[in-house]
Amino acid sequence: MTGGPITLPERPALTRLRRLHQHWVQLCGDRPLPSPDQFDILTLPQLMGYLHIVEVEGEPPRFRFRLFGTRIAEIGGRDLTGRWVDDIEPPRWAEAVQAAFLQPLTHRLPCYSRSDDAYDLGAIEMHRLACPFSSNGHDIDRLLVGVEAIPRPHFTGKT
């Protein structure tokens, strides 16, 4: 997995993630973090189905999918709404997602990550932009995660 504070690769396929980042910056205004109450999915109709709303709880933090993007669920063959990240199978997927979701807590900025996941449908590059939100202006208690699932063109079937 690769990733870090926002540096999106210049790929046309990542247009939705760029739009999510622009929206997050607008929501921040002059504050370091926007509030979850400011987000309205209807303002980003092109992202519907490609967004996860993730609750951040406890110390060390655990992540629970409050909403799992329907299009990503179709691609991956499972809906993780209501599930904890550390319960995802196989464990290597859980570890990749956990690492991606920890980054915005550390950097307090949107963080981009990419991992290569092999689903039954073939090999897919998962591009994520995890944007932090705070209900109290300090503690990050929610992530809004945009996902792009891009098939790898030369998948050999080996993982």
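Since we're looking at a predicted model, the values are computed, not measured.

Cut-offs used in this document
Residue indices begin from 1 for each chain and proceed along its sequence in written order. Side-chain atom pairs in this predicted model are given and counted only at pLDDT of 80 or more, local residue features only at pLDDT of at least 70, and totals for whole chains, interfaces and linings cover all residues. Side-chain numbers here rest on the full set of heavy atoms in the structure, without hydrogens or water. Pairs were defined over the aromatic rings of Phe, Tyr and Trp, the Trp ring being its six-membered one, requiring ring centres within 6.5 Å. Orientation was assigned from the angle between planes: stacked under 30 degrees, edge-to-face over 60, tilted for the rest. Secondary structure elements follow DSSP: runs of H or I of four or more residues count as helices, runs of E of two or more count as strands, with numbering from the N terminus. Burial here depends on accessible area, computed with a 1.4 Å probe over protein chains only, as a share of the maximum for the residue type. Under 20% is buried, over 50% is exposed, and the range in between is partly exposed. Each ring is checked for a lysine NZ or an arginine CZ that lies within 6 Å of its centre and within 35 degrees of its normal; such an atom marks a charge sitting over the ring. Only strands joined by at least two bridges in the DSSP assignment are considered to pair. Here, a salt bridge means any side-chain nitrogen of Lys or Arg that lies within 4 Å of a carboxyl oxygen of Asp or Glu.

Tell me about the packing of aromatic side chains, and name the residues and values.
On inspection of all chains with the given rule, the structure shows three aromatic pairs. Ring geometry for Phe-63 against Phe-101: centres 5.6 Å apart, planes inclined by 70°, an arrangement best described as edge-to-face. With a gap of 38 residues between them, Phe-63 in strand β3 (residues 62-67) and Phe-101 in helix α3 (residues 91-107) connect regions that are remote in the sequence. The class for Phe-63 is buried, based on a relative accessible area of 1%. Among the aromatic side chains, those forming a connected cluster through ring pairs are Phe-63, Phe-65, Phe-68 and Phe-101. Note that Arg-16 overlies the ring of Tyr-50, its terminal NZ or CZ placed 3.7 Å from the centroid. Note that Arg-62 overlies the ring of Trp-84, its terminal NZ or CZ placed 4.0 Å from the centroid.

So what about the pairing of strand β6 (residues 142-151)? Which residues, and what values?
Along β6, eight of the ten residues are buried, which leaves the element largely enclosed by surrounding structure. The pairing of strand β2 (residues 51-57) with β6 spans five bridges and is antiparallel. Across the sheet, residue Leu-51 finds its bridge partner in β6, namely Gly-146.

Help me get a handle on the pattern of salt bridges, residues and values and all.
Enumeration according to the criterion identifies five salt bridges in this entry. Ionic pairing is found between Glu-55 and Arg-66, a salt bridge with its closest N-O pair at 3.7 Å. Taken as a pair, Glu-55 in strand β2 and Arg-66 in strand β3 lie far apart in primary sequence, eleven residues in all. Linking Arg-62 and Asp-86 is a salt bridge whose minimum nitrogen-to-oxygen distance equals 2.9 Å. Taken together, the positions of Arg-62 in strand β3 and Asp-86 in the loop between α2 (70-76) and α3 put the pair 24 residues apart, joining distant regions of the chain. The exposure class assigned to Asp-86 is partly exposed, which follows from its relative accessible area of 42%. Sharing partners across several salt bridges, the network here consists of Glu-55, Arg-64 and Arg-66.

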